[in-house]
Amino acid sequence: MTAQDCLFCKIVAGDIPSTIVYEDEKIIAIKDIQPVAPVHLLIMPRKHIISLNEVDEKDINLLGHIQLIAASLARENNIAANGYRLLCNNGAGGGQEVLHLHYHLLGGRNLEWPPG
Ligand code: AMP
Ligand code: ZN
C-alpha cells in the first residue's frame, strides 16, 4: 500500500474527517471510530511508516515523543491513575489492519491480560 492509498495518511491530511484530540508537527492523536474501551485513542506519526518493521535509529525521537504524548493524553483523559494500555499491532499476525504505524491508548476500564 502506498501513502496515497493509506487511510491514516488521508486522516492526517484532513481528507477524511476524524476527531483530533492532539496534534503537533510530528504526530496526531484521534479518537478511534470503533472504541473498545471508554478511552480509545490512536496516536500516529504524520509521516507514512507502515509498522515498527520499517523504523530505524532516525525515528528514535519520534517514537519517544509518541510515548510522552501518550502519557500526557492518559493524564488528560483521567486514566493515568487507574492504569491504561499503550499498544502497537504490527503485521497481520499482530492484528494490524491499517498499515500506517499507530499506537492504541486504551483505558477507562480494567483491561484483561493476555489479549486475544
Ligand atoms: P489496527 O488493527 O491496530 O490496525 O487498528 C486500526 C484501528 O483503526 C481500529 O481500532 C479501527 O477501529 C480504527 N479505525 C479505522 N478507521 C478509522 C477512522 N476512519 N477513524 C478512526 N479510527 C479508525
Ligand atoms: Zn499512511
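None of these values were measured; they are calculated from a predicted model.

**Q** So what about the pairing of strand 1 (residues 20-23)? Which residues, and what values?
**A** One ladder, built from three bridges, connects strand 1 with strand 2 (residues 27-31); its direction is antiparallel. Each bridged residue has a counterpart across the sheet, and for E23 the counterpart in strand 2 is I28. The antiparallel hairpin formed by strand 1 and strand 2 contains three residues in its connecting segment.

**Q** Outline the coordination of the zinc ion (ligand 2), listing residues and values.
**A** Protein coordination at the zinc ion (ligand 2): the donors are C6 (SG), C9 (SG), H48 (ND1) and H100 (ND1), at 2.0 to 2.3 Å from the metal. One way to put it: the four donor atoms around the zinc ion (ligand 2) meet at angles of 104 to 117 degrees, and that makes the site tetrahedral. Here the donor residues of the zinc ion (ligand 2) share one chain and are spaced in sequence as C-x2-C-x38-H-x51-H. With a gap of 94 residues between them, C6 in the segment before helix 1 (7-13) and H100 in the loop between strand 4 (84-87) and strand 5 (103-107) connect regions that are remote in the sequence. Residue classification places H100 among the buried positions, given a relative accessible area of 0%.

**Q** I'd love a proper account of the pattern of salt bridges, names of residues and values included.
**A** Summed over the entire model, instances satisfying the criterion amount to five salt bridges. Close ionic contact of K26 with E25 constitutes a salt bridge, the shortest N to O distance being 3.8 Å. Residues joined by salt bridges that share partners form a network here, namely K47, D56, K58 and D59.

**Q** Break down the sheet that holds strand 2 for me, with residues and values.
**A** Spatially, five strands are ordered 1-2-3-5-4 in an open sheet, and the strand pairing comes out antiparallel. Both edges of this open sheet fall to strand 1 and strand 4, since each of them pairs with a single strand only. Along the sheet, successive strands turn relative to each other by an average axial angle of 15 degrees, direction set aside. Packed onto the sheet, helix 2 (residues 60-76) meets strand 1, strand 2, strand 3 (39-45), strand 4 and strand 5 and runs at close to 155 degrees relative to strand 3.

**Q** Give a detailed account of the environment of I43, specifying residues and quantitative values.
**A** Inspection of the secondary structure puts I43 in strand 3. Sequence spacing of I43 and H104 is 61 residues, and the spatial spacing of their C-alpha atoms is 6.6 Å. With residues up to four places along the chain from it excluded, the contact list for I43 reads I27, I28, A29, I66, A70, L73, L86, L101, H102, Y103 and L105.

Conventions we followed
Residues numbered from 1 in each chain as written. Chains lettered and ligands numbered in written order. Predicted model: local features only at pLDDT ≥ 70, side-chain atom pairs only at ≥ 80, totals over all residues. Heavy atoms only, no water. Pairing = 2+ DSSP bridges. Helix = DSSP H or I, 4+ residues; strand = E, 2+ residues; numbered from the N terminus. Donors = N, O, S within 2.8 Å, 3.2 Å for Na, K, Ca; no water. Tetrahedral: all angles 85-135°; square planar, octahedral: opposite > 155°, others 65-115°. Buried < 20%, exposed > 50% of the residue type's maximum accessible area, 1.4 Å probe, protein only. Salt bridge = Lys/Arg side-chain N within 4 Å of Asp/Glu carboxyl O. Axes fitted to C-alpha atoms, helices over the stretch in contact; angles between N-to-C directions. Contact = heavy atoms within 4.5 Å.

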